[in-house]
Amino acid sequence: MKRVVVGLSGGVDSSVAAYLLQEQGYEVIGLFMKNWHDDTVTISNECPWLEDSNDALLVAEKLGIPFQTVDLSEEYKERIVDYMFNEYEKGRTPNPDVLCNREIKFDVFMKIALSLGADYVATGHYCRKDTIIKDGQEVHRLLAGVDGNKDQSYFLCQLSQEQLAKALFPIGELTKPQVREIAAKMELVTAEKKDSQGLCFIGKVRLPEFLQQQLQPKEGVIYEVNAELETYKAEVPQFTSVKEQLAYEAANINYTPDMAKVVGKHQGAHYYTIGQRKGLNVGGTKEALFIIATDVESNAIYTGQGHSHPGLFRKALFIQESEIHWVREDLALTDGQTMDVMVRIRYRQPLQKARLHRFDNGMYISFEEPQSAITEGQFAAWHIGDELVGSGVIS
């Protein structure tokens, strides 16, 4: 009998995952990860992790499976929180959820599970895995969840073949309503529970307050850039190579105060992200202001009116050599190779037609349609059909 450790989060998805594994004849163990206990930044008097671990315990009792809590807050702080602050200080926007899967659930947590004699680790993600044989080798494929509305393969885009080999995603074939139905039928306490929001496992944390503890507020200027700016109308130069053209298309415009007018003040450029609209507190514009660039060096924020402002769009992005990750190592490109793929640059974005171009120093992704708010520090994930084959950090 194969043993599976399920990460029980106290939510409905992982509860049903545990139940399904039991039905499939696995020996199931429930483990709750406690990843945060700094109450100074959680909102109000809710104590989400206590409530969640309690729900997880009730589910385990209902299913009659062993249950324990593991405290991973040390590792979490080291690998996730510190990484977030580092990224924000560089003016990049991190994705803690993607990292949490790579570093915590399928690394630290997986090692604990394997030390308990587990053959697999299971989570309540809406995605699927299958295994093919290629050149005599087992190759694991990460596939989109059946529920198009809830597909979470994006959050697992940094997993490796070793990690996938030991992973199970029991609810990947189901839709959210089906999952809730099973939970209700089984009378699981989590059946009606709302989906959790907020940082992976930190519970309900307000990000700006969380950041402010580490990154000192520093007053700066909000600029507005006119959509008619000459720079946007500049003639496209003649390129001598594809690489040169891609570098041009992926480059950020370096905005300077003389290209813009002052419209307000902010408390620190590192709190803001490209494409952000809320939290600027600048009124009196015809259309909403969107952030088109932040400059942490000069502590300036550049904005433009409306979601079709030219400053929001780019045709290409670049991923540095060290930040390219192939889930399917067997498909990895080498210098000079290209591949047509479908790409998303953020969770829930519909897949976009694109082409990968591999060079010695990294990889460009060029899009058929210009993309809005390509954000440094976020992950771009590329797909062939419904398979996620690789990802990388936008640089």
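Our structure is the block above this text.
Numbering of residues starts from 1 in each chain and follows the order in which that chain's sequence is written. It should be noted that, the model being predicted, local features are given only for residues of pLDDT at least 70 and side-chain atom pairs only at 80 or more, the latter also being counted only at that level, while totals for whole chains, interfaces and linings use all residues. Computation of side-chain values covers all heavy atoms of the structure but excludes hydrogens and water.

*Asks:* Run through the overall build of the protein chain, naming residues and quoting values.
*Replies:* Looking only at helices and strands, the protein chain features nine helices and 18 strands. Against the compact-globule benchmark of 21 Å for 395 residues, the protein chain has a radius of gyration of 23 Å, which places it among compact chains. Whether a residue is buried, partly exposed or exposed follows from its accessible area with a 1.4 Å probe, protein chains only, as a fraction of its type maximum: under 20%, in between, or over 50%, in that order. Across the 395 residues in the protein chain, those meeting the buried criterion constitute 51%. In the protein chain, once contacts between residues fewer than 6 apart in sequence are set aside, the share between residues at least 24 apart is 70%. Using a 1.4 Å probe, the Shrake-Rupley method yields the accessible areas, and only the shown protein chains count as cover for residues. Approximately 18,600 Å² of the protein chain is accessible, and the part contributed by carbon and sulfur atoms is 48%. Here a strand is any run of E in DSSP of at least two residues, a helix any run of H or I of at least four, and the numbering for each starts at the N terminus. For the radius of gyration, the atoms used are the C-alpha atoms, and the globule rule reads 2.2 Å times the number of residues raised to 0.38. We call two residues contacting when some pair of their heavy atoms lies within 4.5 Å.

*Asks:* Any chance you could break down the pairing of strand β18 (residues 387–393) for me, citing the residues and the numbers?
*Replies:* In terms of burial, β18 is a largely internal element, seven of the seven residues being buried. One requirement defines pairing of two strands: DSSP has to find at least two bridges between them. In this sheet, β18 lies alongside strand β6 (residues 137–144) in antiparallel orientation, the contact comprising two bridges. Across the sheet, leucine 143 pairs through a bridge with glutamate 387, a residue of β18. Across six bridges, strand β17 (residues 379–384) lies against β18 in antiparallel orientation. The residue bridging phenylalanine 379 from the neighbouring strand is valine 393, located in β18. Here β17 hands over to β18 after two residues, with glycine 385 in that stretch at a positive phi of 60°.

*Asks:* Describe the packing of helix α3 (residues 73–89) against helix α4 (residues 96–115), listing the residues and the values that go with them.
*Replies:* Geometry is summarised by axes, namely lines fitted to C-alpha atoms with helices restricted to the contacting stretch, and by angles between N-to-C directions that run from 0 to 180 degrees. Running from N to C, α3 and α4 cross one another at 160°; their axes reach a closest spacing of 10 Å. Accordingly, the angle class assigned to the pair α3 and α4 is roughly antiparallel. Helix-helix and strand crossings are classified by hand; for α3 and α4 the assignment is right-handed. Residues Glu75, Tyr76, Arg79, Ile80, Tyr83 and Met84 of α3 pack against Pro96, Leu99, Cys100, Glu103, Ile104, Asp107 and Val108 of α4. Classifying every residue of the contact of α3 with α4 by side-chain character gives nine nonpolar, no polar and four charged. Orientation is classified from the angle alone, with under 35 degrees giving roughly parallel, over 145 giving roughly antiparallel, 65 to 115 giving roughly perpendicular, and any other angle giving oblique. Here is the rule for handedness: rotate from the far helix to the near one, and if that takes an anticlockwise turn smaller than a right angle the crossing is left-handed, while a clockwise turn gives right-handed. Here the term charged refers only to Asp, Glu, Lys and Arg, the term nonpolar to Ala, Val, Leu, Ile, Met, Phe, Trp, Tyr, Cys and Pro, and the term polar to all other amino acids, Gly among them.

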